[in-house]
Amino acid sequence: MGSVQTTLVQIASDEDVEALVGRIPHLGEGQIVVSVQDDSSVLLTAAEFSRLLTAARAAHVSLSISTNDHLRRELARMLGWSVGDRPAEPPPRATDLPEPEQHTTADLASYIPVQFPPSVQPGSGPHRTQTGTVILDAAVPHTAAPAETRPPTRWNPPAPRPDDRQGTADLPPAGALEVRGRRLAIAAAVAAPIVVLAVVAGLLYYLLPSATVTLVPKERAISATLTYGVAAPGNNVDIALPPTTISATVTFDRTIQTTGERFVDDGTASGTILLTNPTTQPIVVPAQTQLKGANGMTYITQADATVPPADPYTSLSIGSATVNVVAASAGLAGNAGPSVVLGQLPDGAFYNNRNAISGGTRKRIAVVSPADTAALTVAAKQYFAAQLDPALKKQVTGSLVMVPGSEKAQPMTIQFDKQAGVDGTTITAHASQTTSASVFDPSKLAAAARDEVGRRLAAQASGPFVLLAPSVKIGNPTPTNQAQTAFSIQASGTVRAVISPQERSALASQLVGKSLSQADAIIGAMGDVASHTVAEGPSWLPRKMPDIVSRIQVVITNGGQGNANP
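Described below are features of the structure shown in this document. Just so we're clear, the structure is a prediction, and the values are computed from it rather than from any experiment.

Quick word on the environment of Asp-372
With respect to the helices, strands and loops of the structure, Asp-372 is situated in helix α5 (residues 370-393). Classification of Asp-372 by relative accessible area gives buried; the value is 2%. If sequence neighbours within four positions are ignored, Asp-372 has contacts with Ile-256, Gln-257, Thr-258, Thr-259, Gly-260, Val-367 and Ile-427.

Structure follows, in structure tokens:
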């Protein structure tokens, strides 16, 4: 008996199967050992095994399979193939054999040799703004300028003037008249000088005396105290001036990335389902048929599918068909590994996903969280705490002084372009805050106080008194509170009695012909005279006041502290 020829053929693709079918009739009688890799996609159905076996029998060739795949080995054994071990070295592929004619056959039932783990779709990771006028002199009439005090007038007897000659009377007879005439001439010569002297003496006694009365008006010291300050709570002062209000507004703008997130189902998983028919009648699986998966997800067929019947007698095949399915809802839950969507329909058809169903995704959406708005609010408050006070102090210019404790900040206003819970990758805050304070000008306040205290001092010089301007002294303001918004100021001065020209004229009239003691009594009775002196003359005349009012002069002096007033 001759040896049997053995041909080793490697099958890796559908093209290899077709090539082998065409070459079997040309190989002659012998044995063909078909080697197939475990991860190959061919020789997975009964139809493929039966097709090769039918071709081999027609050519009187025996078939043997060399594979480590347990399911391929069992399927080959069931269909009449010989089963051997896989050779250490791969045999030549069927495409390397002579070109045969082409044969086709219908697909038969298939099986799933290997279970693969489902693929994992990674999820997205988290993603990571007054003046006044001081009246120093009262509006009283000033007396005339003083004249120098004159010493008493000395009397110099006037030179005698010749009298007018008198007309002569009729003379007696010549002898008597002559004697008598001589006597009268002698008497007249003696009496005439005496009469002249008497007349002159009388005139001198009446006309020659003069007197100068010097009066020193009374003076007294006066003072005034004034409290003043800013019109503010707790300042109890005589005059209060309202402060000026200043304000400053600071704004805050900032944008930050949001930290909140939410996830939504995005892509919808899809794949293919293998339908198998173990019955001898075709089964139609209509579109939109719902298939339940072990993962709890429902998958919907996308087209009508007719599953051919099984052939348990001839080809021993099971009818099968493939249909596209889509998960009923989007998201990661729709993804399924092989054989997760597995079951039987009421009409008897079995369904199974040989391959993974994938494409379901989840999308991250950035969201504004309450923590984002809280963070911006805290940042705004910190910014205002650092910026409000300097901004307000910039308004205190020149000699202005801020009233301590008058600062008052308005409530902060803040607005967000998005509220918490709203989708967005960023959030922007715009905030503002206004602060105000009271200010005053101490120099202007002190000037107003000086004017007022001067007016009050001058008001004390009413009636017959006048305030002496050179005597007025106004002290420096003295704070009366710790905040230095209230002050006290003092003024002092001297007032002097005013003796009018009418009073001086009346006094002169009262002193006419009076003795010196009487004159002193009259002048001493004057309430507005502090002291006086009387100078009269000539000294060789009796000491008394002149009998002619025009010979009495009344003058005013300040007692050596100022100019006298006549």
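Picking up where we left off.
What to know about the side chain of Glu-48
With respect to the helices and strands, the residue Glu-48 is situated in helix α2 (residues 46-58). Look at Glu-48: it is buried, it has no salt bridge, and the nearest opposite charge is Arg-72 at 7.0 Å. Setting aside residues no more than four positions away along its own chain, Glu-48 makes contact with Asp-14, Val-42 and Leu-43.

What to know about the packing of aromatic side chains
In this structure the tally under the stated criterion is five aromatic pairs. With a centroid separation of 5.6 Å and 50 degrees between ring planes, the pair formed by Phe-252 and Tyr-383 is classed as tilted. Remark: Tyr-383 occurs in helix α5 and Phe-252 occurs in strand β8 (residues 244-257); sequence separation between them is 131 residues. Since its relative accessible area comes to 32%, Tyr-383 is described here as partly exposed.

Some thoughts on the pairing of strand β22 (residues 426-440)
Inspection of the sheet shows β8 paired to β22 by 14 bridges, in the antiparallel sense. Across the sheet, residue Thr-245 finds its bridge partner in β22, namely Ser-438. Direction of pairing for strand β19 (residues 401-402) relative to β22: antiparallel, over a ladder of two bridges. Looking at the pairing, Val-401 lines up with Phe-440 of β22. When strand β20 (residues 408-409) meets β22, the two strands line up antiparallel, connected through two bridges. For Ala-409, the partnering residue across the bridge sits in β22 and is Thr-435. Of the pairings in the sheet, the one linking strand β21 (residues 413-416) to β22 comprises four bridges and is antiparallel in character. Within β22, the position partnered with Phe-416 by the bridge is Ala-429.

With respect to the sheet that holds strand β1 (residues 6-11)
Taken in spatial order, the four strands line up as β1-β2-β3-β4 in an open sheet, and their pairing is parallel. Bordering the open sheet on either side are β1 and β4 (82-84), each of which pairs with just one other strand. Here the strands of the sheet are splayed against their neighbours by 30 degrees on average, with no regard to which way each runs. Where strand β2 (residues 30-36) and strand β3 (residues 61-66) come together, six bridges link them in parallel fashion. Residue pairing across strands places Val-33 opposite Ser-64, the latter belonging to β3. Across the sheet, helix α3 (residues 70-78) is in contact with β2, β3 and β4; its angle to β4 comes to roughly 150 degrees.

Topic: empty space enclosed by the protein
The space that makes up the largest cavity amounts to roughly 70 Å³. The wall of the largest cavity is formed by Tyr-205, Pro-209, Ser-210, Glu-536, Gly-537, Leu-541, Pro-542, Lys-544, Met-545 and Asp-547. Across the lining of the largest cavity, the residue classes tally to five nonpolar, two polar and three charged.

So, unusual backbone geometry
A cis geometry characterises the amide bond from Gly-537 onward to Pro-538, with omega recorded as 0 degrees. Structurally, Pro-538 is set in the loop between β27 (529-537) and β28 (552-556). The backbone of Leu-316 shows a phi angle near 50 degrees, a positive value even though the residue is not glycine. Topologically, Leu-316 is positioned in the loop between β14 (305-307) and β15 (319-327). Although it is not a glycine, Gln-484 sits at a positive phi angle of roughly 55 degrees. Structurally, Gln-484 is set in the loop between β25 (478-479) and β26 (486-497). You can call Gln-484 partly exposed: its relative accessible area is 47%.

Calculation criteria
Residues numbered from 1 in each chain as written. Predicted model: local features only at pLDDT ≥ 70, side-chain atom pairs only at ≥ 80, totals over all residues. Heavy atoms only, no water. Helix = DSSP H or I, 4+ residues; strand = E, 2+ residues; numbered from the N terminus. Buried < 20%, exposed > 50% of the residue type's maximum accessible area, 1.4 Å probe, protein only. Contact = heavy atoms within 4.5 Å. Lys, Arg positive; Asp, Glu negative; His and termini not counted. Salt bridge = Lys/Arg side-chain N within 4 Å of Asp/Glu carboxyl O. Phe/Tyr/Trp six-rings, centres within 6.5 Å; stacked < 30°, edge-to-face > 60°. Pairing = 2+ DSSP bridges. Axes fitted to C-alpha atoms, helices over the stretch in contact; angles between N-to-C directions. 1 Å grid on protein atoms, 1.4 Å probe; cavity = no way out; pocket = protein on both sides within 12 Å on 5 of 7 lines; lining within 4 Å. Points joined across faces, edges and corners; volume = space filled by probe spheres on them. Nonpolar A, V, L, I, M, F, W, Y, C, P; charged D, E, K, R; others polar.

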